[in-house]
Amino acid sequence: MDFDFSEDQRLLQETVKDFLEGECTAEYVRGLWDTQTGRSPEFWAKLAEIGVPGLMVPEQAGGLGMDERDLVLVLEETGRYALAEPVIGTVAVAVPLLVGLAESGERKLAESWLGRIAAGEAIVAVGHDRSPLVSDAHIADLLLLPHGDEIHAVDPGEVGLTAQRSNDQSRRLFAVDWAPSDRTRVASGQAGRKLVDAAFDRGVLACAAQQLGVGCQLIDMGALYATQRKQFGVAIGSFQAVKHRLANAKVQVEYARSLVYRAAHSVARALPTRAVDVSMAKAAAGEAATSAGKESLQVHGAIGYTYEQDLHVWMKRAWSLDLSYGTGAWHRARVADAVLDGRLPAESFGFVPPGA
Amino acid sequence: MDLTYTPEQEAFRKEARAWLEANVPAEPLPSFDIKEGFEAHCEWEKKLNAGGFAMVPWPVEYGGRGADLLEWLIFEEEYYRAGAPGRVNQNGIFLLGPTIMEYGTPEQRTRFLPRIASSEEVWAQGWSEPNAGSDMANIQTMAIRDGDDYVINGQKTWASRGAYAHWLFGLFRTDPESSRHKGLTFILARLDTPGITVRPIEKINGKRAFAEVFFDDARVPVANQLGKEGEGWSVAMATAGFERGLMLRSPARFQNTARKLVSLYRETVAAGGFVDGAVRDTVARCWMDAEAYALNTYQTVSKLMAGAKIGAEASLNKIFWSELDILMHETALNLLDVRAELLPGSPAAGDVGDWLDGYIFALAGPIYAGTNEIQRNIIAERLLGLPRK
Ligand SMILES: Cc1cc2nc3c(=O)[nH]c(=O)nc-3n(C[C@H](O)[C@H](O)[C@H](O)COP(=O)(O)OP(=O)(O)OC[C@H]3O[C@@H](n4cnc5c(N)ncnc54)[C@H](O)[C@@H]3O)c2cc1C
């Protein structure tokens, strides 16, 4: 039993953090809003240099062979810096999905993509059942789309994409006009169902992990502003009403953190409680990040309400992540179904109930 | 990160479970806030100690079994699973014990720790005074040195279990010229010392849950000071850290309550009681929060075992469990509907359990062990770097 990260894991987190701190500034994030794709192949290539896309690609395919327990800290940092690149779809979901497809017989397909992903040469966009829209389909080299119990590997050149406009200017969402066929089907039946479910839960975990970073950033921005801004001759951070708002947000983020890290372990180990564990993580982290946004806005006053100030970059990310891969309400309902009605496996951690 | 137990840990769990199953009283003991219940709880503690389970993380020579913090968590899980009695000497075992291990002389350790473990001596905490609540540095009770004794004059208040406890630990002003955090000393006093008068105070349910303690030229040996004279504040902060941090409220307590809440929800639904979506959502939320609290504690324990220390993070803890405890009990009372106000044993009450009593107790959570407002100040100032003034 050890619920802590190793030095190597912390080092990886630091590396990514240092990189993003230098390169992924708010100015940079906002600069991408007005570009055509909203994404930067050069930036993705730099991420590949520090190993991010290939984190969970097996070593023999050119990746780092890590799992979600390593990835979770990296995702947290990508949230803290509001990175727009498709780390959730490609790195957190598509890679393990391709590995799963290889195990269920699609070795060729997996091999042809995994190496390229690790090298930063391919982007894969994935769909899921909680949304009709697919993120980053416009820059994808491959689409992995669920259809009932099936998964289809679709060439983006063969589909119609309708761009949407999101409140979060970093988001690029698309309706995908496609038709499943025998040619595109790469998994079906029980094996397909398992892969679809696992891919969805990975997306849920990834959003939750990013929300931790988003929430921390929102609190830090509020705390920094509160030490600088003076009213009534003193820093506003000396007022208790201000302190307590940020303290409440901090409590929420820190307890969500525990759920998110546990969910990473459950996903990495494919535990029976995986679905409920990621749902608890997403519901808690989403709520923590969105309320950190509200508290931080209040602490900023009018300046935080302006387009010019960067606060809304993270506020909007908190909202859009809260809507991705199932809303907080949807996930809490899934927890309720499991815990109250026994429809999914749920266990309390460590505590074994009488009779069990 | 590996969230699985080792075979040794599983074996320890089994051993604790077997002992508890064989020894936990079949009927719940009367409340330790009444004399008869206090004594019954002390008897239970003696049995627990004889079985070697009173304080598993303590060294063997003081009555423990030298277990690590993970085994302590496992023990707590089994303890709540077994429905074992509340810990009447929690001030001694969870707060004073660890403080004596850190600051006590070898003589103090051998003198006090085994009797804490056996609950032969039950402890009350004496921080609060009529004019020193949240502002604990305003302590005014004087302990003036006279030869080998301190002569104590003044008043402590709100001492939990003070009505029946044998000893009291707390902060006293030993330097009459001093103010605020300076000149305070951590002193251990027998409550039957001549010059000490204990006057019980009833809490809102009418039980004698705490007491005022008056000191009138009470003589306490200087040998009973813990840590150095005048350095009581930092010793007390260590005790407060144990209180808010790890030990006072182990996660199993809340996981157990969450389980009972889920059962109550199911029973209510099965009986055709009134349940709406909001209650359902809140029950799920309670479950999640109890899980988050447990996981957070495992994280803290993993860090402590790797050599880290916990500081102001303990304040996050205190807010979280105290608010969760209220939410869980409030939700249960919602589910009980009109029966929520009926006392157990009232003819129409049916099986209302101890939700009402638990709710009343939970309401004190945001007040004791440092109010939640004070904890929020600590979080803002020490964790978020906001200015004190
Ligand atoms: C069930 C129970 C058991 C207890 N057991 C013990 C015990 O065993 N030993 C012991 O010594 N004490 C005990 N206490 C006392 C407890 O420690 C105090 O009640 C607590 O420290 C608050 O002090 P107070 O009651 O004087 O309230 P006050 O300090 O007067 O506070 C009243 C209100 O004002 C708020 N407030 C005060 N100062 C500030 C500030 N700076 N910023 C913001 N808000 C502030 C508080 O948060 C609170 O809401 C117990 C209390 C209870 C309810």
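Comments concerning the domain arrangement of chain B
Residue and element names in this part refer to chain B.
- If you check the domain split of chain B, you get domain 1 (7–88), domain 2 (123–229) and domain 3 (249–383).
- Inter-centroid distance (C-alpha atoms) of domain 2 to domain 3 is 31 Å.
- Counting from both sides, the interface comprises five residues of domain 2 and, opposite them, five residues of domain 3.
- Taking both sides of the interface into account, the surface hidden between domain 2 and domain 3 amounts to around 360 Å²; carbon and sulfur atoms contribute 60%.
- Interface area lost by domain 2 to domain 3 is led by S134, I204 and N205, which between them contribute 72%.
- Where domain 2 touches domain 3, the interface holds one residue pair in polar contact (both at pLDDT 80 or more).
- Taken together, the residues of the side of domain 2 that touches domain 3 break down into one nonpolar, two polar and two charged.

Some remarks on the sheet that holds strand β3 (residues 142–147) of chain A
Residue and element names in this part refer to chain A.
- In spatial order, the strands read β1-β3-β4-β7; together these four strands make up an open sheet with mixed pairing. Each edge of the open sheet carries a strand with a single partner, namely β1 (124–126) and β7 (185–187). Each strand of the sheet is rotated relative to its neighbour by a mean of 30°, with strand direction disregarded.
- Here two bridges tie strand β4 (residues 150–154) to β7, and the two strands are oriented antiparallel to one another. Looking at the pairing, H152 lines up with R185 of β7.
- Its contacts with the sheet place helix α7 (residues 189–228) against β3, β4 and β7, and it is angled at close to 75° to β4.

Details of the interface of chain B and chain A
- Contacts between the two partners involve 54 residues from chain B and, on the opposite side, 53 residues from chain A.
- A buried area of about 5,100 Å², summed over both sides, lies between chain B and chain A, and 65% of it is on carbon and sulfur atoms.
- The largest per-residue losses of area from chain B upon contact with chain A belong to M1, L3 and M288 of chain B, which jointly make up 17% of the total buried on that side.
- On inspection of chain B and its partner chain A, the count reaches 29 residue pairs in polar contact (both at pLDDT 80 or more).
- Sorting the residues of the side of chain B that touches chain A by element identifies α1 (7–23), α3 (69–81), α7 (251–270), α8 (277–305), α9 (313–336) and α11 (372–383) of chain B as the ones contributing at least two each.
- With 17 residues, α8 of chain B is the largest single contributor of residues to the side of chain B that touches chain A.
- Considered class by class, the residues forming the side of chain B that touches chain A number 26 nonpolar, eleven polar and 17 charged.

The rules behind each value
Residues numbered from 1 in each chain as written. Chains lettered and ligands numbered in written order. Predicted model: local features only at pLDDT ≥ 70, side-chain atom pairs only at ≥ 80, totals over all residues. Heavy atoms only, no water. Domains from an automatic or database assignment. Contact = heavy atoms within 4.5 Å. Buried area = accessible area lost by both parts, 1.4 Å probe. Polar contact = N/O pair within 3.5 Å; in protein donor to acceptor, adjacent residues only side chain to side chain. Nonpolar A, V, L, I, M, F, W, Y, C, P; charged D, E, K, R; others polar. Pairing = 2+ DSSP bridges. Helix = DSSP H or I, 4+ residues; strand = E, 2+ residues; numbered from the N terminus. Axes fitted to C-alpha atoms, helices over the stretch in contact; angles between N-to-C directions.

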